[in-house]
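# Fold and geometry: a report
Spelled out from the first residue to the last, the chains are:
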Amino acid sequence: MTEPSPRNSHETRVFSGVQPTGQLHLGNYLGALSKFVKLQDQHECVFCVVDLHAITVPQKRNVLAENSRQISAAFLACGLDPEKATIFVQSSVPAHAELAWILSCTARMGWLERMTQFKDKAGKDAERSSVGLFSYPVLQAADILAYQATHVPVGDDQKQHLELSRDIAARFNRDYDAPEFFPLPEPLIQGPGARIMSLKDGSVKMSKSDPSDLSRINLNDSPEQITKKFKKARTDPDGVPQEVEGLAGRDGADNLVAIYAALAEISKADVLRQFGGQGWGVFKPALADLAVAKLSPIAERLAQFNNDPAELDRVLRAGADKANAISEPVMQKVREIVGFWRP
Ligand code: TYM
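Worth saying up front: this structure is predicted, and the values here are computed from it rather than measured.

### Quick word on the overall build of the chain
Regarding its fold elements, the chain presents 13 helices and 5 strands. C-alpha atoms of the chain, sized along the principal axes, occupy 70 × 45 × 45 Å. Evaluated residue by residue, the chain yields a buried proportion of 49% over its 343 residues. Taking as baseline every contact in the chain between residues at least 6 positions apart, the subset at least 24 positions apart corresponds to 78%. Within the structure as shown, the chain displays about 16200 Å² of accessible surface, and the carbon and sulfur contribution to it stands at 51%. For the chain, the distance from the average site of its 40 positive side-chain charges to the average site of its 43 negative ones is 4 Å.

Written out as structure tokens, the structure is:
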């Protein structure tokens, strides 16, 4: 995993997506969005609200539309700038669905059967899950490859899907004798924010779908809620260790230190140099203050975007036009490579 070197041409193009399935949380912010904001200053970037992915499990029409709007507003509130990056909703760009079909004829059943996220989400009821949930990672590959993207910032949970995207790209290039047509996308999964765990159970990731709201910090939580949730976060009777090795086997403690490090943009070792030897009664309020300082401005901007729906619509429509302008020429070449006849 190498950081892309700054270039202005399409030699480097960053793509990533976020599902519109509920409120964004601190894991999404630290693992993905905060990184998108940095990357937009250095590279050509394309960021997408992936509503086609969301319908792989049942959704209510109004709720889905509202969530797409909320996540789009959250992109902007976190600092994504439509002047710098292309920001849009997936279903407004036809290339995603078309390429997903083509790539589903390239991907192999066995590759998809190995995807742990499908196994986790489908559980014991795999027979009753939608075909879309099974082929979800093919759509993810299509998202990336429709832009011939070279780098993909994501949290650690997306690693396997990214490996699959690389396999699909390589197989397409080989099967259709189109060497290097699709770049093999590099995942960007770095730093202590790449895997933020539940505040209630340090062995499972922080997730939108966790039934306990105390397990996560939502981007629109009030300062009081943030403080309360960190206060109740699970740790252990030992205090903050002096060295990173002292976090081994202590997943709750490790998670809080990782969150502090990611928010402060320092290493875990630096956090421990500052707090080592203290009790959690000292560390947790300091962590809550830091989180409030970082997240409150985002919550305020989110409220502003929610008050101006016309501006949000305008930004997203312009983003879809830009995304179409990039992906359609790629799709024209794909159709040619595959051999589709357009009379
Ligand atoms: P999604 O919507 O579940 O999550 C959005 C981003 O947030 C990251 N993330 C986390 N990072 C650290 N700690 C956590 N606890 C945590 N939870 C979530 C995710 O890794 C992700 O980067 N399949 C993707 C969406 C997608 C996509 C794409 C991503 C669709 N097409 C193409 C990249 C490229 C997903 O469900 O993310």
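Past the structure itself, the notes keep going.
### Digging into the domain arrangement of the chain
In terms of domains, the chain is made up of domain 1 (13-194 + 309-338) and domain 2 (213-303). Computed from C-alpha atoms alone, the centre-to-centre distance between domain 1 and domain 2 is 30 Å. Here domain 1 meets domain 2 over a buried area of about 1300 Å², counting both sides, of which 73% is carbon and sulfur. Looking only at domain 1, the three residues that lose the most surface to domain 2 are L26, A77 and P192, adding up to 41% of its buried area.

### So, the pairing of strand 1 (residues 13-18)
Most of strand 1 is tucked away: 5 of the 6 residues are buried. Pairing between strand 1 and strand 2 (residues 44-49): 6 bridges, direction parallel. Paired with V18 across the bridge in strand 2 is V49. The parallel pair strand 1 and strand 2 is bridged by helix 1 (residues 26-39), and the resulting crossover is right-handed.

### As for the site of the ligand
The environment of the ligand is formed by 28 residues, the closest being Q19, Y136, D143, D157 and I196. Contacts to the ligand include Q140, whose side-chain N or O atom sits 2.9 Å from a nitrogen atom. M206 has a polar backbone atom sitting 3.0 Å from a nitrogen atom of the ligand. Out of a free accessible area of 710 Å², the ligand has 96% covered by protein chains. Of all the secondary-structure elements, those providing two or more residues to the shell around the ligand are strand 1, helix 1 and helix 7 (131-145). Split by residue class, the shell around the ligand holds 11 nonpolar, 12 polar and 5 charged.

### Examining the nonpolar core
By size, the foremost hydrophobic cluster in this structure holds 59 residues, and its most contacted members are L26, Y29, F75, F230, L256, I259 and F283. Considering every element that reaches this core, the biggest residue donor is helix 12 (residues 280-307), with 10 residues. The two domains that each donate at least three residues to this core are domain 1 (13-194 + 309-338) and domain 2 (213-303).

### Side note on the packing of aromatic side chains
Overall, the coordinates contain 13 aromatic pairs when judged by the stated rule. Between F172 and Y176 the ring centres are 4.7 Å apart and the planes differ by 45°, which places this aromatic pair in the tilted class. The class for F172 is buried, based on a relative accessible area of 0%. Overall, Y176 belongs to the partly exposed group, its relative accessible area being 29%. With a centroid separation of 5.6 Å and an interplanar angle of 85°, the aromatic rings of W280 and F283 are classed as edge-to-face. Within this pair, W280 and its partner F283 are both found in helix 12, separated by 3 residues, close to a single helical turn. We classify F283 as buried; its relative accessible area is 0%. In textbook terms, an aromatic cluster arises when at least three aromatic residues are bridged by ring pairs, as seen for F172, Y176, F181 and F182.

### Looking at helix 4 (residues 95-104)
Among all positions in helix 4, only A95, H96, L99, A100, I102 and L103 are buried. An end-on view of helix 4 places all buried positions within 165° of arc, on one side of the element.

### Quick look at the environment of T227
Its location among the elements puts T227 in helix 9 (residues 223-232). With relative accessibility at 36%, the residue T227 sits in the partly exposed group. Between the C-alpha atoms of T227 and I217, which are 10 residues apart in sequence, the distance is 9.7 Å. The residues touching T227, leaving out its near neighbours within four places in the chain, are A288 and V292.

### A closer look at the pattern of salt bridges
Using the criterion set out here, one finds 18 salt bridges in the structure. In this structure, the salt-bridge partner of K294 is E265, at a minimum N-O distance of 3.6 Å. Here the residue K294 occupies a position in helix 12, and E265 occupies one in the loop between helix 10 (251-264) and helix 11 (268-275), the gap between them amounting to 29 residues. Under the relative-accessibility criterion, K294 is labelled partly exposed at 29%. The exposure class assigned to E265 is exposed, which follows from its relative accessible area of 52%. Residue E311 pairs with R314 through a salt bridge whose shortest N-O separation is 3.0 Å. Pair noted here: E311 and R314 are both in helix 13 (residues 309-338), with a separation of 3 residues, about one helical turn. Among the residues examined, R314 registers a relative accessible area of 46% and is labelled partly exposed. Through salt bridges with shared partners, a single network forms among D213, R216, D221 and K229.

Rules and cut-offs
Residues numbered from 1 in each chain as written. Predicted model: local features only at pLDDT ≥ 70, side-chain atom pairs only at ≥ 80, totals over all residues. Heavy atoms only, no water. Helix = DSSP H or I, 4+ residues; strand = E, 2+ residues; numbered from the N terminus. Buried < 20%, exposed > 50% of the residue type's maximum accessible area, 1.4 Å probe, protein only. Contact = heavy atoms within 4.5 Å. Areas by Shrake-Rupley, 256 points an atom, 1.4 Å probe, with all protein chains shown as cover. Lys, Arg positive; Asp, Glu negative; His and termini not counted. Charge placed at Lys NZ, Arg CZ, Asp CG, Glu CD. Domains from an automatic or database assignment. Buried area = accessible area lost by both parts, 1.4 Å probe. Pairing = 2+ DSSP bridges. Right-handed = clockwise from strand over helix to strand, strands pointing away. Near = heavy atom within 4 Å. Polar contact = N/O pair within 3.5 Å; in protein donor to acceptor, adjacent residues only side chain to side chain. Nonpolar A, V, L, I, M, F, W, Y, C, P; charged D, E, K, R; others polar. Core = buried A, V, L, I, M, F, W, Y, C linked by side-chain atoms within 4.5 Å. Phe/Tyr/Trp six-rings, centres within 6.5 Å; stacked < 30°, edge-to-face > 60°. Arc of directions from axis to C-beta. Salt bridge = Lys/Arg side-chain N within 4 Å of Asp/Glu carboxyl O.

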